[in-house]
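# Summary of structural features
Residues per chain, in single letters:
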Amino acid sequence: MKLKILVGTMTSTADYVAQAIQMDCADLVSEIEVLLMDDLDISVFDAANAEDALYLICTSTYGSGDVPDNARALYESLGANPQFLGHVRYGVIALGDRTYMQTFCFGGKKFDERLTDLGAQRIGDVWLHDASSGTMPETEGTEWCRTWLAGALQTLGASSATA
Ligand SMILES: Cc1cc2nc3c(=O)[nH]c(=O)nc-3n(C[C@H](O)[C@H](O)[C@H](O)COP(=O)(O)O)c2cc1C
């Protein structure tokens, strides 16, 4: 099983989280690929790409509850060129700040909503990180991801030995 982490970021925090996961979780899957969302569109979820893969959306929130600039094309592509994504299994890391009470972590939540609408199957809960909490998203995100990946692999009946 491969893990594809799709990163939406403005000031690189989400990218640091993805890279920490890539280093720390390498023993759990056969390959971890980190892809910035720049230049991606819905085709990243094509059946050929999704075969034997889990996706992890790892994105922050900007503006008033918007996805970051580098995530906009992918997010809009999911709406503009809708395709059934029933073959896609994914998780979500949503970075935000509770100071923005009305729109906390909306970037990740928006991706989750759109993927669910297209029939993709989320595994586990959306993981939320609050920048105002003072905790390190790389450390906490990696811990969450290890647990999430182990559960996902069990759910899917896969193991690193067969991946
Ligand atoms: C101008 C600006 C707008 C933001 N808007 C929101 C928001 O609406 N909701 C939210 O939860 N976080 C918001 N944030 C917080 C960021 O999502 C958070 O700091 C995140 O960790 C940044 O990750 P990044 O470096 O990967 O972009 C905002 C931050 C900035 C600087």
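The structure we're discussing is the one just above.
The following paragraphs examine the structure supplied in this document. (Residues numbered from 1 in each chain as written. Predicted model: local features only at pLDDT ≥ 70, side-chain atom pairs only at ≥ 80, totals over all residues. Heavy atoms only, no water.)

### Re the overall build of the chain
- Across its full length, the chain carries five helices and six strands.
- Helices and strands in the chain line up, N terminus first, as β-α-β-α-β-α-β-α-β-β-α.
- A compact globule built from 163 residues would reach a C-alpha radius of gyration of about 15 Å, and the chain, at 15 Å, matches this within 12%.
- Overall size of the chain, expressed as C-alpha extent along the three principal axes, is 45 × 35 × 25 Å.
- Looking at the chain as a whole, 47% of its 163 residues are labelled buried.
- When contacts within the chain are restricted to residue pairs at least 6 apart in sequence, those whose partners lie at least 24 apart make up 83%.
- Accessible surface for the chain amounts to roughly 7,700 Å². Of this, 49% is attributable to carbon and sulfur atoms.
- Side-chain charges of the chain comprise 10 positive and 23 negative groups, with the mean position of each set lying 5 Å from the other. (Helix = DSSP H or I, 4+ residues; strand = E, 2+ residues; numbered from the N terminus. Rg over C-alpha atoms; globule rule 2.2 N^0.38 Å. Buried < 20%, exposed > 50% of the residue type's maximum accessible area, 1.4 Å probe, protein only. Contact = heavy atoms within 4.5 Å. Areas by Shrake-Rupley, 256 points an atom, 1.4 Å probe, with all protein chains shown as cover. Lys, Arg positive; Asp, Glu negative; His and termini not counted. Charge placed at Lys NZ, Arg CZ, Asp CG, Glu CD.)

### A look at the site of the ligand
- Neighbouring residues of the ligand: 19 residues in total, closest Thr9, Thr11, Thr13, Thr61 and Thr103.
- A distance of 2.4 Å is found between an oxygen atom of the ligand and a side-chain nitrogen or oxygen belonging to Thr11.
- Tyr62 places a polar side-chain atom, nitrogen or oxygen, 3.3 Å from an oxygen atom of the ligand.
- When the free accessible area of the ligand is taken as 650 Å², the share hidden by the protein chains comes to 81%.
- Under a 2 Å grid-point criterion requiring more than half of the atoms, the pocket assigned to the ligand is the largest pocket.
- Within the residue set of the shell around the ligand, elements represented by two or more residues are α1 (13-24) and β4 (89-96).
- Considering only residue class, the shell around the ligand consists of eight nonpolar, 10 polar and one charged. (Near = heavy atom within 4 Å. Polar contact = N/O pair within 3.5 Å; in protein donor to acceptor, adjacent residues only side chain to side chain. 1 Å grid on protein atoms, 1.4 Å probe; cavity = no way out; pocket = protein on both sides within 12 Å on 5 of 7 lines; lining within 4 Å. Sits in = over half its atoms within 2 Å of the grid points. Nonpolar A, V, L, I, M, F, W, Y, C, P; charged D, E, K, R; others polar.)

### Comments concerning the state of the cysteines
- If you walk through the whole model with that rule in mind, you get zero disulfides.
- Cys25 takes part in no disulfide bond, and the closest cysteine sulfur, belonging to Cys145, lies 4.2 Å away.
- By relative accessible area, which is 0% here, Cys25 ends up buried. (Disulfide = S-S within 2.5 Å.)

### Quick notes on helix α4 (residues 106-117)
- Its 12 residues give α4 an end-to-end C-alpha distance of 16 Å, which sits within 8% of 16 Å, the value for a rise of 1.5 Å per residue.
- Gly107, Gly108, Phe111, Asp112 and Leu115 are the residues of α4 that are buried. In a view along the axis of α4, the buried residues occupy a sector of 135°, so they form one face of it. Facing away from the buried surface of α4 by more than 90 degrees, the exposed residues are Glu113 and Asp117.
- The secondary structure elements touched by the buried residues of α4 are β3 (53-59), α3 (72-80), β4 and β5 (121-122). (Expected span 1.5 Å × (residues − 1). Arc of directions from axis to C-beta.)

### Considerations on unusual backbone geometry
- The residue Asp39 is not glycine, and still its phi comes out positive at about 70°.
- Position of Asp39 among the secondary structure elements: in the loop between β2 (31-36) and α2 (47-50).
- We note that Asp52 has phi near 55°; this positive angle belongs to a residue other than glycine.
- Locating Asp52 in the fold gives a position in the loop between α2 and β3.

### Focus on the packing of α1 against helix α5 (residues 137-155)
- Between α1 and α5, whose axes approach to 9 Å, the crossing angle comes to 45°. If you check the angle between α1 and α5, you find them oblique. Judged by the sense of rotation from one axis to the other, the crossing of α1 with α5 is right-handed. Each of Thr13, Tyr16, Val17, Ala20, Ile21 and Asp24 in α1 lies in contact with α5, whose residues at this interface are Pro137, Glu138, Gly141, Thr142, Cys145 and Arg146.
- Residue composition of the contact of α1 with α5, by class: six nonpolar, three polar and three charged. (Axes fitted to C-alpha atoms, helices over the stretch in contact; angles between N-to-C directions. Parallel < 35°, antiparallel > 145°, perpendicular 65-115°, else oblique. Left-handed = near helix turned anticlockwise from the far one by under 90°.)

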